[in-house]
Amino acid sequence: MVDRQVTVRAKWLRVLLLCGLSLLIVRLVYIQIFKSETWAQAAQGIWQETDKIQAVRGTIYDRNGKMLAYTTVAYDVRADLKMMQAAKQEVENPKKKPGKELEPWQGDPRYYAQKLAPLLKMPEEKIYQTLTQKDVVGVDLKQAVDADTAEKIDRLGLKGIYLHKTTTRHYPNGSLAAHLLGYVTNDGKGGSGVELQYDSVLRGQDGVRKFLKDNEGNPLPYEKENVQPAVDGKDVWLTIDETIQHYAEDALDHLVSQYKPNSASIVVADPNTGEILALANRPTFNPNKFWESKQEVLDNNRAVNAAFEPGSTFKIVTMTAALAEKKVTLDATFNSGSITVQGKTIHDWNNIGWGTITFRQGMEHSSNVGMVILGQRLGKQMLFDYIYKFGFNQRTGVDLPGEGDSVLFNPGKMSDLDLAVSSFGQGNAVTPMQQVAAVSAVANGGSVMRPFVMKEIRDPKTGATVQEQKPHVISQVATPEVMATMRSVLEGIVKNDETKAGYIEGYHIAGKTGTAQIAKPTGGYYSDRYICSFIGFAPADKPKVLVYVTVDSPSNDLQFGNIVATPFAKEVFANVLPYLGMQAQQAKAAVTAPDRPVKYSTVPNWAGMDRKQAEQLAKANEIRLQILGSGDQISLQWPKPGSNVPAGSSAIVIAGQVKDDHGNVQVPDLTGKSMREAFEILSMLGLVPDISGSGYVIGQEQKAGSFVPAGSKIKLTLGSN
């Protein structure tokens, strides 16, 4: 009986074992066959590590190959608060073990903050608060510090402070062409300007490195890495000329310093191709530190985004249309002063006019009445046909983000009064880019050119051009003969202006000023706010360069284009034309004379020298030195070191302080200096030029060596020297 019970139990045991084994086999089959891929992927997720290989963002160059923006190595400064706390505990409770003991300041957040504050250029208290946060393991202290700063931090040997190698975007010229270049955001994307417009080209494509790791994150030996290499971004070559950009920026700084407007812009372009040679705005920002500026400043590229009533520069359109349609001859006359349209009297800007004058004189005097007459002769539809031909009814297509739209009357619905004000530049709002494209058509013989800033895209490794932007004609306005007549009219405007604000002896400059009231958002116009402008080109017979200056609400009682805008366009012309190899007529005659060639000297760097050393070095370089200030050590100088000047030229240096005990500034001798040179020198000293005439300084009211209050106006008389 016992044996039988044992046998039964054994059978049941075998059945149970068989069932268990069967379940195990089924489970193994399920895992090995049906779930193998899932478990393998889970295991791989534990063992496999994926690293991003960051692509190098492309470099931005000017047309001559000068770097305007590039990517460089940088370091993020981070803190491991847990490691800091461990170091502090070890200092407070040292363990008896072999090895060097920690310094007593290790892990002390106050000591760390004191040492890091000057290097990171951050408030000490802010760093301290960051390092004493609760329930936080790691924190970022500062992003993208340079290699020199990183090395100094590393030498401090602060436990828990470490450096993470990364890259940063660098703009070597600071705020130069800031709105045109734009900036790169912290996540590596273009934020504005060229950086945004060509972000997909510049950014490239990040790569990936995959490898197997151990439990500490180290790559396993003998295991093959799977690497998908990064594709670096392409280089973008611009139409911008860095030197011309400097000239535009300098002129704009002088304008802002003197008139303190709400905003201002200067655009320099090649009217034959549409290439933008310079574009500058104020207010501006430093793209290296874009986060320090307000978003409204970052976004407001007013040379591209803004739309405003152009004022008298728009008279170019009306006169061109009238000449092209044979509605006027320049010698025909009209009665200036006032004209009545729909019961409203429209006056010339001086309210009384100039009597009976020709239409050529009407353009030279900027007569509103003359333009109203031409507008009436053309009629609504014909005038607006030419407004459309000039491209004011559409965006230019300039390759920069955020181009503004014009606001024009509908010729089918407008009144006779609307026609009248349209003829002299009121009622319609247009953009600076549209103005540049339109007046370029007058300069080049009739073709409205699309403005552009990207000249070429190149491969950074081979230097090969992968894309090139060609000049593009938007429309044809009128015949070359009509445009030649218009150029002569515009040259006469500059030449016959009594103020000579835009006239440069020996050059043929053509242009037109504009002064337009600013419209209120609620309707009507401000009584004390104007957009002042000047647009012109040179040489008038064969134009090579166009300059457009616009100024919004200058702080000046006389808000007129020829007073506020034209002198600074003249400053740009005075620098750019010789730079482009176009010499004034008298300069050409001098070149053909049998005189010896001009000898040039390189301006040395006098900074840090004493007066005697500076005088000796100036003499050795054949430069006459004018020393201002009562100190012994040179701190500032003009011209900049490295500049080439004719031998025998004078230079100005500041030794110590140029101010007396009462804060008054010593006046330099500016005799013989050009307007641009006088501007630069007085700006360096914190003085303001008050200039009459044109040419070179032949007299100054405040005697050289005398002292005047800081910010004083220095009255200078310019003429032929």
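Residues numbered from 1 in each chain as written. Predicted model: local features only at pLDDT ≥ 70, side-chain atom pairs only at ≥ 80, totals over all residues. Heavy atoms only, no water.

(A) Just the sheet that holds strand β26 (residues 650-655), in detail. Here 3 strands make up an open sheet; going across it, the order is β23-β26-β24 and the pairing mixed. Two strands lie at the open edges of the sheet, namely β23 (624-628) and β24 (634-638), each paired on one side alone. Taken over all neighbouring pairs, the strand axes of this sheet differ in orientation by 25 degrees on average, direction set aside. In this sheet, β26 lies alongside β23 in parallel orientation, the contact comprising 5 bridges. (Pairing = 2+ DSSP bridges. Helix = DSSP H or I, 4+ residues; strand = E, 2+ residues; numbered from the N terminus. Axes fitted to C-alpha atoms, helices over the stretch in contact; angles between N-to-C directions.)

(B) Highlighting the packing of helix α10 (residues 242-259) against helix α21 (residues 566-579). Contact pair α10 / α21: the axes reach a minimum separation of 9 Å and the direction vectors enclose 160 degrees. Classified by the angle their axes make, α10 and α21 are roughly antiparallel. Here the hand of the crossing between α10 and α21 comes out right-handed. In this structure, α10 contributes T243, I244, Y247, A248, D250, A251, H254, L255, Q258 and Y259 to the contact, and α21 contributes F568, E571, V572, N575, V576 and Y579. Considered class by class, the residues forming the contact of α10 with α21 number 10 nonpolar, 4 polar and 2 charged. (Parallel < 35°, antiparallel > 145°, perpendicular 65-115°, else oblique. Left-handed = near helix turned anticlockwise from the far one by under 90°. Contact = heavy atoms within 4.5 Å. Nonpolar A, V, L, I, M, F, W, Y, C, P; charged D, E, K, R; others polar.)

(C) Looking closely at the environment of N605. Of note, N605 is situated in the loop between β22 (600-602) and α23 (611-620). A relative accessible area of 45% places N605 in the partly exposed class. Remark: the alpha-carbon pair of N605 and Q637, spanning 32 residues in sequence, is separated by 8.2 Å. The residues contacting N605, other than those within four sequence positions of it, are Q637 and P641. A distance of 3.1 Å separates a polar atom in the side chain of N605 from the backbone nitrogen of A607. (Buried < 20%, exposed > 50% of the residue type's maximum accessible area, 1.4 Å probe, protein only. Polar contact = N/O pair within 3.5 Å; in protein donor to acceptor, adjacent residues only side chain to side chain.)

(D) View of empty space enclosed by the protein. Under the counting rule described, the total for this entry stands at 1 cavity of 30 Å³ or more. Roughly 40 Å³ of volume is contained in the largest cavity. Contributing to the lining of the largest cavity are F390, G391, Q394, R395, T396, Q434, A437, V448 and I474. Split into classes, the residues belonging to the lining of the largest cavity amount to 4 nonpolar, 4 polar and 1 charged. (1 Å grid on protein atoms, 1.4 Å probe; cavity = no way out; pocket = protein on both sides within 12 Å on 5 of 7 lines; lining within 4 Å. Points joined across faces, edges and corners; volume = space filled by probe spheres on them.)

(E) Seen up close, the pattern of salt bridges. Under the counting rule described, the total for this entry stands at 20 salt bridges. Salt-bridge contacts for R57 lead to E195; the nearest nitrogen and oxygen are separated by 3.0 Å. A residue pair is termed long-range when its members are at least 10 positions apart, and R57 in the loop between β1 (48-53) and β2 (60-61) and E195 in helix α8 (residues 193-197) qualify at 138 residues. For the residue pair R57 and E195, the accessibility class agrees, reading buried in each case. Two residues, R458 and E456, come together in a salt bridge whose shortest N-O distance is 2.7 Å. Residues participating in the shared-partner salt-bridge network are R57, R169, E195, D199 and R203. (Salt bridge = Lys/Arg side-chain N within 4 Å of Asp/Glu carboxyl O.)

(F) Representation of the sheet that holds strand β21 (residues 545-552) in the model. If you trace the 5 strands from one edge of the open sheet to the other, you get β10-β9-β21-β20-β19, paired in antiparallel fashion. The strands lining the two open edges of the sheet, one partner per strand, are β10 (276-282) and β19 (510-519). Neighbour-to-neighbour, the strand axes of the sheet open up by a mean angle of 10 degrees, direction not taken into account. The pairing of strand β9 (residues 263-269) with β10 spans 6 bridges and is classified as antiparallel. Looking across to β10, one finds that S265 is bridged to N281. The sheet strands contacting α10 are β9, β10 and β21, and the helix crosses β10 at an angle near 25 degrees.

(G) The nonpolar core, seen in detail. Membership of the largest hydrophobic core comes to 92 residues, with the highest contact counts inside it found for L180, V194, L238, L279, M319, F390 and L490. The biggest single contributor to this core is helix α18 (residues 432-444), with 8 residues. Those residues in contact with L490 that sit more than four places away from it in its chain are I316, M363, V442, I509, A510, G511, K512 and F537. Counting 35 residues, the second-largest nonpolar core is a separate cluster that includes L252, V549, V551 and A569. (Core = buried A, V, L, I, M, F, W, Y, C linked by side-chain atoms within 4.5 Å.)

(H) Looking closely at the layout of surface pockets. In this structure, the second largest pocket occupies an estimated 1,400 Å³ of space. Elements with a contribution of two residues or more to the lining of the second largest pocket: β3 (67-80), α4 (109-120), β4 (138-145) and β5 (161-170). Considering only residue class, the lining of the second largest pocket consists of 15 nonpolar, 16 polar and 15 charged.

(I) View of the pairing of strand β20 (residues 525-538). In the sheet, β19 pairs with β20 via 9 bridges, with the strands oriented antiparallel. Along β20, the bridge assignment pairs A516 with I531. Adjacent in sequence and paired antiparallel, β19 and β20 are bridged by 5 residues, among which G523 carries a positive phi angle near 110 degrees. The sheet contact formed by β20 and β21 spans 8 bridges and is antiparallel. Directly across from F537, in β21, lies its bridge partner L546. In this structure, the hairpin formed by β20 and β21 is closed by a connection of 6 residues.

(J) Geometry of the packing of aromatic side chains. Under the defined criterion, the tally for this structure stands at 12 aromatic pairs. With a centroid separation of 4.4 Å and an interplanar angle of 20 degrees, the aromatic rings of Y183 and F290 are classed as stacked. Taken together, the positions of Y183 in the loop between α7 (178-181) and α8 and F290 in the loop between β10 and α11 (295-299) put the pair 107 residues apart, joining distant regions of the chain. Its relative accessible area of 5% is what places Y183 among the buried residues. (Phe/Tyr/Trp six-rings, centres within 6.5 Å; stacked < 30°, edge-to-face > 60°.)

(K) Structural detail: the packing of α4 against helix α5 (residues 124-131). One can describe the packing of α4 onto α5 by two numbers: an axis separation of 8 Å at closest approach and a directional angle of 130 degrees. Judged by the inter-axis angle, α4 sits oblique to α5. The interaxial crossing formed by α4 with α5 has right-handed handedness. Residues P109, R110, Y112, A113, Q114, L116, A117 and L120 of α4 pack against E124, E125, I127, Y128 and L131 of α5. Of the residues belonging to the contact of α4 with α5, the class tally is 9 nonpolar, 1 polar and 3 charged.

(L) Summary view of α21. Taking 1.5 Å per residue as the helical rise, α21 with its 14 residues ought to reach 20 Å, and the 20 Å between its terminal C-alpha atoms agrees with that figure. Extensive coverage of α21 is indicated by the burial of 11 of its 14 residues. If you check which residues of α21 are buried, you get T566, P567, F568, A569, K570, E571, V572, F573, N575, V576 and L577. Phi turns positive one or two residues past the end of α21, at G581, with a value near 90 degrees. (Expected span 1.5 Å × (residues − 1).)

(M) Quick peek at the confidence of the model for the protein. When pLDDT is averaged along the protein, the result is 86; 88% of the residues meet or exceed 70. The low-confidence segment residues 586-598 (pLDDT under 50) makes 4 contacts with residues lying over four places distant or belonging to another chain. (pLDDT = per-residue confidence, 0-100.)

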